[in-house]
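# Observations on the model geometry
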Amino acid sequence: MSVQKYLRKALKAPLNWALQMPIVRSKVIFELKQKHYAELDLEIPLNYGLRCPISSFEYWYSFGEVFLDAEYEAAWACMPVPTKWLDIGCHAGFFSLSVVRSRAKLHLSSDYSALLIDADSRVRLAVQKLINLNEIGNKLTFKHGALSAKTGSIEFRERGFMSSSADELGENKGPVRKVPVISEEQIMELFTPPYDLVKIDIEGSEFDFMRAYGKILKSSTHLIIEWHSWGGSEEQIREAAEIVGFRLLLEMVPARPVQHSGRSARCGVLLFKKSDGIPKILKSKQDV
């Protein structure tokens, strides 16, 4: 046995001995889950040569919604699978990966592109890992920033379990960071229109998007909105979408109860298509 192998075996012996004790094992597992989960390099094979990295324990919830519950699959029965889309509030990028998988399933062209945007600084590495792992860096691009009717920057609170949002829209848990606001001009410069689909999941800032990003809406054929009652009721969201020129196609996920800031709230997912009417400008939530 070489000296190197002997030293390696000698160093592993106390660790292996310690791991035989349940209390030590549970402590090590806890530390790995809380602080080093990304280093476990967990990947879920999806078929069609695609893989989904799970870089945080919390991402299992998003994986379940997108790939197990198939929340977005019903949309493709009402519209073509998009070729060019905006994924706003992309979280770990699973929605966009599901679109790529749906395109592969239908043997559609590999000529597609998407811009993924999220204000949570923690998802940057996770999204980039997803892109690199699937070798789609020439098709999917990530941009860190917030969507808001304000300009400059906003205070954004990074909470757990897909509840990060503009600071004023949730409970005071998690660090607050100054995040630059991405204007619609910046988005359109980064990723030129038109768009087949804009998907929005921004935890209560849906009205801000529909009010301040009218040029993007005019350049989009379909719109998926995950609405949250603390940002406006389902009825208000539907009316606001109609004002800016969209009609409801499908209630993809019916309104369901959720907890928000310790109170009962509701959320759901709606699919809209651009209507033939002349869109108006949504000035405020009071317009609806």
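Attention here is on the structure that accompanies the text. (Residues numbered from 1 in each chain as written. Predicted model: local features only at pLDDT ≥ 70, side-chain atom pairs only at ≥ 80, totals over all residues. Heavy atoms only, no water.)

This part covers the sheet that holds strand E10 (residues 220-228). What holds strands together in a sheet is hydrogen bonding between their backbones, with the strands either parallel or antiparallel. Ordered in space as E5-E4-E3-E9-E10-E12-E11, the 7 strands form an open sheet in which the pairing is mixed. Of all strands in the sheet, those with a lone pairing partner are strand E5 (140-144) and strand E11 (246-260), marking the two edges. Direction aside, the axes of adjacent strands within the sheet are offset by 10° on average. Both strand E3 (residues 84-88) and strand E4 (residues 113-118) contribute to a ladder of 5 bridges, which runs parallel. Paired with Lys 84 across the bridge in E4 is Ser 113. Contacts from helix H4 (residues 94-105) reach E3, E4, E5 and strand E9 (195-200) within the one sheet, and its direction differs from that of E3 by about 155°. (Pairing = 2+ DSSP bridges. Helix = DSSP H or I, 4+ residues; strand = E, 2+ residues; numbered from the N terminus. Axes fitted to C-alpha atoms, helices over the stretch in contact; angles between N-to-C directions. Contact = heavy atoms within 4.5 Å.)

It is worth spelling out the environment of Val 127 at this point. Along the chain, Val 127 falls in helix H5 (residues 124-133). Look at Val 127 and you get buried, because its relative accessible area is 0%. Taking C-alpha positions, Val 127 is 9.7 Å from Leu 140, a pair spaced 13 residues apart along the chain. (Buried < 20%, exposed > 50% of the residue type's maximum accessible area, 1.4 Å probe, protein only.)

Scanning the model with the defined rule gives 9 aromatic pairs in all. Seen in terms of ring centroids, Phe 63 and Phe 67 are 5.1 Å apart; in terms of plane orientation they differ by 40°. Their pairing is tilted. Placement of both Phe 63 and Phe 67 in helix H3 (residues 59-68) is noted, with a separation of 4 residues, approximately one turn of the helix. Like Phe 63, the residue Phe 67 is buried in the burial classification. The interplanar angle of 65° and the centroid separation of 4.7 Å between the aromatic rings of Tyr 72 and Phe 95 together place this pair among those described as edge-to-face. With Tyr 72 in the loop between H3 and E3 and Phe 95 in helix H4, the pair connects residues that are 23 residues apart, well separated along the chain. Taken together, the aromatic side chains of Tyr 59, Trp 60, Phe 63, Phe 67 and Phe 94 make up a single cluster linked through ring pairs. Sitting above the plane of the Phe 191 ring, Lys 84 keeps its charged end 5.0 Å from the centroid. Positioned over the ring face of Tyr 112 is Lys 139, at 5.2 Å from the centre of the ring. (Phe/Tyr/Trp six-rings, centres within 6.5 Å; stacked < 30°, edge-to-face > 60°. Lys NZ or Arg CZ within 6 Å of the ring centre and 35° of its normal.)

A few words on H3. Of all the residues in H3, the buried ones are Tyr 59, Ser 62, Phe 63, Gly 64, Val 66 and Phe 67. Along its buried surface, H3 packs onto strand E1 (42-47), strand E2 (50-54), H4 and H5. Directly after H3, the chain includes Ala 70, whose backbone phi takes a positive value near 50°.

An α-helix turns once every 3.6 residues. As a result, residues three or four positions apart point the same way. Every buried residue of H5 is accounted for by Ala 126, Val 127, Leu 130, Ile 131 and Leu 133. Of the residues one or two after H5, Glu 135 is the one with positive phi, at around 55°.

This part covers the sheet that holds strand E6 (residues 153-157). One open sheet holds the 3 strands; their spatial order is E7-E6-E8, and the pairing between them is antiparallel. Looking at which strands have only one partner, the edges of the open sheet turn out to be strand E7 (165-166) and strand E8 (176-180).

If you look at the biggest cluster of nonpolar residues, it comprises 38 residues, and the most contacted ones within it are Cys 52, Phe 67, Trp 76, Trp 85, Phe 94, Leu 140 and Ile 224. If you list the elements that add at least two residues to this core, you get E2, H3, H4, E4, H5, E5, E11 and strand E12 (263-274). Considering every element that reaches this core, the biggest residue donor is H4, with 5 residues. What Trp 85 contacts, discounting residues up to four positions off in sequence, is Phe 95, Ser 96, Val 99, Val 100, Arg 103, Tyr 112, Ser 113, Ala 114, Leu 115, Leu 140, Phe 191 and Leu 197. (Core = buried A, V, L, I, M, F, W, Y, C linked by side-chain atoms within 4.5 Å.)

A word on the pairing of E2. Burial within E2 is extensive, with 4 of its 5 residues counted as buried. The sheet contact formed by E1 and E2 spans 5 bridges and is antiparallel. Within E2, the residue paired with Leu 42 across the bridge is Ile 54. As consecutive antiparallel partners, E1 and E2 are separated by 2 residues, and within that stretch Tyr 48 has a phi angle of approximately 60°, a positive value.

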